[in-house]
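Spelled out from the first residue to the last, the chains are:
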Amino acid sequence: MSEQSGPLRFRTVRVEDAGGIAEVCYRTGYHGEDLSGSGRFNDRRLFALLFSLYYPLCEPENGFVAVENSGAIAGYCLGTTDSRAQAGRFRRRMLPRILLRALAVSWWRYPESFRELVRFSGVNSMHGGLDDLYDRYPAHLHINLLPDCQRRGAGSELLALFESRVRSAGAPGIHLVTSERNLKAVPFYRKHGYAPERTLAPGLWSDAPDARAIVFVKDLRGMERGGAGYFY
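This is a predicted model, so every value here is computed, not measured. (Residues numbered from 1 in each chain as written. Predicted model: local features only at pLDDT ≥ 70, side-chain atom pairs only at ≥ 80, totals over all residues. Heavy atoms only, no water.)

### Brief notes about the side chain of Asp-43
Okay, step 1: The residue Asp-43 is located in the loop between helix H1 (18-27) and helix H2 (44-51) in this model.
Okay, step 2: In this structure the side chain of Asp-43 is engaged in a polar contact, spanning 3.3 Å, whose partner is the backbone nitrogen of Arg-45.
Okay, step 3: Asp-43 has contacts with Arg-101, Ser-106, Tyr-110, Glu-112 and Ser-113, leaving out every residue within four places of it along the chain. (Helix = DSSP H or I, 4+ residues; strand = E, 2+ residues; numbered from the N terminus. Polar contact = N/O pair within 3.5 Å; in protein donor to acceptor, adjacent residues only side chain to side chain. Contact = heavy atoms within 4.5 Å.)

So this is what it looks like as structure tokens:
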């Protein structure tokens, strides 16, 4: 699948997109801002294993990328149509890689990243799962764009493509989690019909202990997609 919007092309994720997706993830990884040079999480490989690599490696058919004329990945919308099944696959296929990286490399070469990993694990345990949402909103997504590609309709197009994919799979709704400090993402989701369902306890990042996460949801039942430009 490929569609055109200005200088960007939109298509389904491929396994070989993993490196470009990891780069976008890292450059938007701190409340939507670039982690590069911040000293917060210097192990780019570990960060990608945690937050983005599952999708091109295990579910490329459910993700979409925005591609520049040079072939570089400028943004993505990654996700799954079945979060319960995805959680199981993540544990089987990604946790061993995460643990190997953390214990073989991160703890001594990137101690700040190892400390944040431990913190992430503790905060996630405190939050608990979102299993109670899965019957109504079984799909979930992650969407990120490099700054130069924001406010050009690319995010809306990626989201529309993903929502179309979810509807074709018969999933009734989508959920997502974002930081309340991601000041670009929160209004974007609201604009596209996502509503806050709950707020999670703060404390994911050690230097932002008061920042809470917001769970947004969208019911897709009865909705029609009116073409690629519908969400612009």
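### Quick word on the pairing of strand S8 (residues 213-219)
Okay, step 1: S8 sits mainly inside the fold: six of its seven residues count as buried.
Okay, step 2: Two strands pair when backbone bridges link them, and strand S6 (residues 173-179) and S8 are joined in this way by seven bridges, in the antiparallel orientation. Counterpart to Ser-179 in the pairing with S8 is Ala-213.
Okay, step 3: In the sheet, strand S7 (residues 195-200) pairs with S8 via five bridges, with the strands oriented antiparallel. Directly across from Leu-200, in S8, lies its bridge partner Ala-213. (Buried < 20%, exposed > 50% of the residue type's maximum accessible area, 1.4 Å probe, protein only. Pairing = 2+ DSSP bridges.)

### As for the pattern of salt bridges
Okay, step 1: In the structure shown here, the tally under the stated rule is 11 salt bridges.
Okay, step 2: Linking Arg-89 and Glu-59 is a salt bridge whose minimum nitrogen-to-oxygen distance equals 2.8 Å. Of the two residues, Arg-89 is situated in helix H4 (residues 83-93) and Glu-59 in the loop between helix H3 (54-58) and strand S3 (64-67); the sequence distance between them amounts to 30 residues.
Okay, step 3: A relative accessible area of 23% means that Arg-89 is categorised as partly exposed.
Okay, step 4: Here Glu-59 falls in the buried class, since its relative accessible area comes to 3%.
Okay, step 5: Note that Asp-132 is salt-bridged to Arg-198, the shortest N-O span being 2.5 Å. Here the residue Asp-132 occupies a position in the loop between helix H6 (111-127) and strand S5 (139-145), and Arg-198 occupies one in strand S7, the gap between them amounting to 66 residues.
Okay, step 6: Overall, Asp-132 belongs to the partly exposed group, its relative accessible area being 46%.
Okay, step 7: You can call Arg-198 partly exposed: its relative accessible area is 24%.
Okay, step 8: Sharing partners across several salt bridges, the network here consists of Asp-132, Glu-197 and Arg-198. (Salt bridge = Lys/Arg side-chain N within 4 Å of Asp/Glu carboxyl O.)

### Describing the environment of Ile-214
Okay, step 1: Structurally, Ile-214 can be placed in strand S8.
Okay, step 2: Since its relative accessible area comes to 14%, Ile-214 is described here as buried.
Okay, step 3: Residues Ile-214 and Tyr-30 lie 184 residues apart in sequence; the distance between their C-alpha atoms is 15 Å.

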